[in-house]
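Letter by letter, the chains look like this.
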Amino acid sequence: MPPLTPTQSRAFAEADVALALDVPMDLGQIAPRLRWVQGIGSGYNRVRSAGLLETGIAYTNTAGMSADGIAEFVLARFFEHWKRLPEINGARRPGWSR
């Protein structure tokens with residue numbers, strides 16, 4: 001993560017909660033009031049390596065939120081290929097509407 005700008009540093013210093021994809025390595029020092037970080041996404045390796053869990057700051061993420069949609073998409077693409085839907089679509093009669 002690039003160094004924080006002065007504006008970002010001031011915002012972190014005043015923040016009680018944060019919504020973030022990534023966190024600075026020294027978040028515990030630059031955000032003394034911070035009590036909760038809501039992660040955007042499902043992983044937490046970056047947060048763990050930044051030492052956030054040791055600071056006592058609560059961390060939550062969106063693990064599992066997209067699982068159903070991703071599974072449906074994968075199955076749809078599988079059947080699209082398996083059932084040759086693009087080929088069938090290309091072979092339809094002229095003038096036939098959807």
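Refer to the structure presented above.
### A few points about a nonpolar patch on the surface
Part 1: A surface patch of nonpolar side chains, amounting to about 470 Å² of accessible area, comprises Leu75, Phe78, Phe79 and Trp82.
Part 2: Residue position: Phe78 is located in helix α4 (residues 67–82).

### Some points on α4
Part 1: When the terminal C-alpha atoms of α4 are compared, their 22 Å separation across 16 residues agrees well with the 22 Å that a helix rising 1.5 Å per residue should span.
Part 2: Two residues or fewer past α4, Arg84 is found with a positive phi of approximately 55°.

### Focus on the packing of aromatic side chains
Aromatic ring pairs are reported here in terms of the distance separating the ring centres and the angle at which the planes meet.
Part 1: Applying the stated criterion across every chain, the model contains 2 aromatic pairs.
Part 2: Centroid distance Phe78 to Phe79: 5.3 Å. Interplanar angle 70°. Geometry classified as edge-to-face.
Part 3: Considering the side-chain rings of Phe78 and Trp82, the 5.9 Å spacing of their centres and the 15° angle between planes classify their relative orientation as stacked. With Phe78 and Trp82 both in helix α4 and 4 residues apart, the pair spans about one turn of that helix.

### Quick word on the pattern of salt bridges
Part 1: On inspection of all chains with the given rule, the structure shows 3 salt bridges.
Part 2: Linking Arg33 and Asp16 is a salt bridge whose minimum nitrogen-to-oxygen distance equals 3.2 Å. In this pair, Arg33 is assigned in the loop between α2 (27–30) and β2 (36–39) and Asp16 in the loop between α1 (6–14) and β1 (17–20), connecting sequence segments 17 residues apart.
Part 3: Between Arg84 and Glu87 there is a salt bridge, with the nearest N and O atoms lying 2.5 Å from each other.
Part 4: The class for Glu87 is partly exposed, based on a relative accessible area of 48%.

### Regarding the environment of Thr62
Part 1: Along the chain, Thr62 falls in the loop between β3 (58–60) and α4.
Part 2: Among the residues examined, Thr62 registers a relative accessible area of 32% and is labelled partly exposed.
Part 3: In this structure, the C-alpha to C-alpha distance between Thr62 and Gln8, residues 54 residues apart in sequence, is 24 Å.
Part 4: Ignoring anything within four residues of it in the chain, the contact list for Thr62 reads Gln38, Gly39, Ile40, Gly41 and Ser42.

### Description of the pairing of β2
Part 1: Relative to β2, β1 runs parallel, the two being bridged by 4 bridges. Counterpart to Val17 in the pairing with β2 is Trp36.
Part 2: Relative to β3, β2 is paired through 3 bridges, and the arrangement is parallel. Paired with Val37 across the strands is Tyr59, a residue of β3.

Cut-off values and rules
Residues numbered from 1 in each chain as written. Predicted model: local features only at pLDDT ≥ 70, side-chain atom pairs only at ≥ 80, totals over all residues. Heavy atoms only, no water. Patch = residues over 30% accessible without salt bridge, like charges linked within 9 Å, V, L, I, M, F, W, Y side chains within 5 Å. Areas by Shrake-Rupley, 256 points an atom, 1.4 Å probe, with all protein chains shown as cover. Salt bridge = Lys/Arg side-chain N within 4 Å of Asp/Glu carboxyl O. Helix = DSSP H or I, 4+ residues; strand = E, 2+ residues; numbered from the N terminus. Expected span 1.5 Å × (residues − 1). Phe/Tyr/Trp six-rings, centres within 6.5 Å; stacked < 30°, edge-to-face > 60°. Buried < 20%, exposed > 50% of the residue type's maximum accessible area, 1.4 Å probe, protein only. Contact = heavy atoms within 4.5 Å. Pairing = 2+ DSSP bridges.

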